[in-house]
Amino acid sequence: MNTHADIVIIGSGMAGYMLAQNIRQIESSKSITVVTQNDGRFYPKPMLSTALYHKKSPDHIVTATAQEMMDKYNIHVMTNAPVTEVDFAQKKVQLPNQSLAYDQLVFATGSKSNKIPKVKDIEGLLSVNSIEDYETLLDQLPHAQEILIIGSGLVGIEFSHDLLTAGHRVSMVSQTEEALLGLVPKTIGLKCRDHLIGMGLEWITDAGVRDVQRQDKKLSVHFSEQPTKQYDLVLSAIGIAPNTDLAKQSGLNTKRGIITDTYGCCRAKDVFALGDCAEIYGLNLTYVAPIKQQAQAIAKTLTGTKTPVHYPAMPVVVKMPTFPLTLVPVREPKITGQWEIQDNADDSGMIAAFYDEKKLKGFALAGTATRQRNEWLAKMPDSIVSEDQSAP
């Protein structure tokens, strides 16, 4: 039984495994142990919200088992082993049946789905933030014709598109009249909404769901303003929150996520954080592209070459094949500026750019305009992090 590792990574999500992969690309001698509370399967998390459209089963989504990751990258993965305590002074993590000493420790504890305020967990009310959640959804979908999606952000939009395509009757409740609030200008948000309505979506604008109760085989959803309606399945897609409980319990600084410096290093010596749980430059970025940047930089720092995390412009592709949408969201703790709709010769596309004092901070391309992605990326600054964010 291993009782020490040069590098211990808490979490086997994309961030934890990407970091292990990047370390192995640099050097092979350091011992790496990944500790996870689940079975350690490796899979691309963004696929969860689009797997239905591509008719992918969980087995098709998973790219490697824990054993396959161990064999391929010469790492040790401890599955079904939740960390109960971290002792920074002794450099140990406590597991249910043993302690594990480390030289360097990385928090890659991921995120959890936000809960609807004052609504209790109930059978048929789901969120999808892991492969296990997706398996639960697949188990219940064959019995669900009427489905309600709560939330009109990226995940809600992608799921609604795929469920409609699969033949389900889908409703979406949104607190705003447009989709993708905060990510795109209202004009594009309305266009996205109208496209989904054209596919058969029932769009409900409401201040929020007050309660969800089971009545026989149906779920009764009580809205704030709209009449109560019944559904077979309710999918909550109101965002995610960093898993910071262990970090807080251990004494690390947290705000939204685990606060680090520009190198991904926390306040405790030889302790780092990356992925959905981390807050670097005051930003908690939960997309794949920034996590890749974090993993590359932190791997270099862990292996002796101190390297700050670099955030270039990182496009997000909204995975709706029938309504192409590519965007670079504005990544700042305090956002100032405004969206401006740009001239476009093609009526089947739309371009919006976000400017702050004539500085381009982000853009959104819809329809055929997505072909101009590289052209707009070339206009973006080398780093999305401002000088005051970079200051130590």
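Here the structure is shown first, and the text comes after it.
A few points on the structure.

Quick notes on the rules
- Residues numbered from 1 in each chain as written.
- Predicted model: local features only at pLDDT ≥ 70, side-chain atom pairs only at ≥ 80, totals over all residues.
- Heavy atoms only, no water.
- Helix = DSSP H or I, 4+ residues; strand = E, 2+ residues; numbered from the N terminus.
- Rg over C-alpha atoms; globule rule 2.2 N^0.38 Å.
- Buried < 20%, exposed > 50% of the residue type's maximum accessible area, 1.4 Å probe, protein only.
- Contact = heavy atoms within 4.5 Å.
- Areas by Shrake-Rupley, 256 points an atom, 1.4 Å probe, with all protein chains shown as cover.
- Lys, Arg positive; Asp, Glu negative; His and termini not counted.
- Charge placed at Lys NZ, Arg CZ, Asp CG, Glu CD.
- Arc of directions from axis to C-beta.
- Polar contact = N/O pair within 3.5 Å; in protein donor to acceptor, adjacent residues only side chain to side chain.
- Core = buried A, V, L, I, M, F, W, Y, C linked by side-chain atoms within 4.5 Å.
- Pairing = 2+ DSSP bridges.
- Phe/Tyr/Trp six-rings, centres within 6.5 Å; stacked < 30°, edge-to-face > 60°.

1. Quick notes on the overall build of the protein
Check the secondary structure of the protein and you find ten helices and 24 strands. The globule rule puts the C-alpha radius of gyration for 392 residues at 21 Å, and the 22 Å found for the protein is close to it. The principal-axis extent of the C-alpha atoms belonging to the protein is close to 55 × 55 × 35 Å. Relative to its 392 residues, the protein shows a buried fraction of 52%. Put simply, 60% of the contacts in the protein that link residues at least 6 apart link residues at least 24 apart. With an accessible surface of roughly 18,200 Å², the protein has 47% of that area assigned to carbon and sulfur atoms. Separation of charge centres in the protein, based on 39 positive and 43 negative side chains, amounts to 2 Å.

2. Observations concerning helix α3 (residues 66-73)
By the burial criterion, the buried members of α3 are Ala66, Met69, Met70 and Tyr73. The buried side chains of α3 occupy one side of the element, clustering within an arc of 100° when seen end-on. Among the exposed residues of α3, those pointing more than 90 degrees away from its buried face are Asp71 and Lys72. In this structure, the buried side of α3 is in contact with α1 (14-26) and β3 (76-78). A positive phi of about 50° marks Asn74, the residue just after α3.

3. Overview of the side chain of Ser250
By the secondary structure assignment, Ser250 is in helix α7 (residues 245-250). For Ser250, a relative accessible area of 14% puts it in the buried group. In this structure the side chain of Ser250 is engaged in a polar contact, spanning 2.7 Å, whose partner is the backbone oxygen of Leu246. For Ser250, the contacting residues outside a window of four places in its chain are Val86 and Phe88.

4. Here's the deal with the environment of Ala179
Inspection of the secondary structure puts Ala179 in the loop between β10 (169-174) and α6 (186-198). Spatially, the C-alpha atom of Ala179 lies 8.4 Å from that of Lys191, the residues being twelve residues apart in sequence. In contact with Ala179, other than residues within four places in its own chain, are Ser152, Ile157, Val184, Gly189, Cys192, Arg193 and Trp203.

5. With respect to the nonpolar core
Within soluble globular proteins, side chains that are nonpolar generally end up buried alongside one another. The biggest cluster of nonpolar side chains holds 44 residues, and the ones touching the most others in it are Ile157 and Leu180. The residues contacting Leu180, other than those within four sequence positions of it, are Ser152, Gly153, Leu154, Ile157, Cys192 and Leu325.

6. Overview of the pairing of strand β12 (residues 209-215)
In the sheet, β12 pairs with strand β13 (residues 218-223) via six bridges, with the strands oriented antiparallel. In the sheet register, Gln213 faces β13, and the bridge partner there is Ser220. Taken together, β12 and the strand that follows it, β13, pair antiparallel across an intervening segment of two residues, in which Asp216 is found at a positive phi of about 60°.

7. Observations concerning the packing of aromatic side chains
The tally for this structure, following the rule as stated, stands at four aromatic pairs. Between Trp339 and Phe354, the aromatic rings sit 5.4 Å apart at their centres with planes inclined by 85°, giving edge-to-face as the arrangement. Here Phe354 lies in strand β23 (residues 349-356) and Trp339 lies in strand β22 (residues 338-342), a separation of 15 residues in the sequence. Classification of Trp339 by relative accessible area gives partly exposed; the value is 23%.

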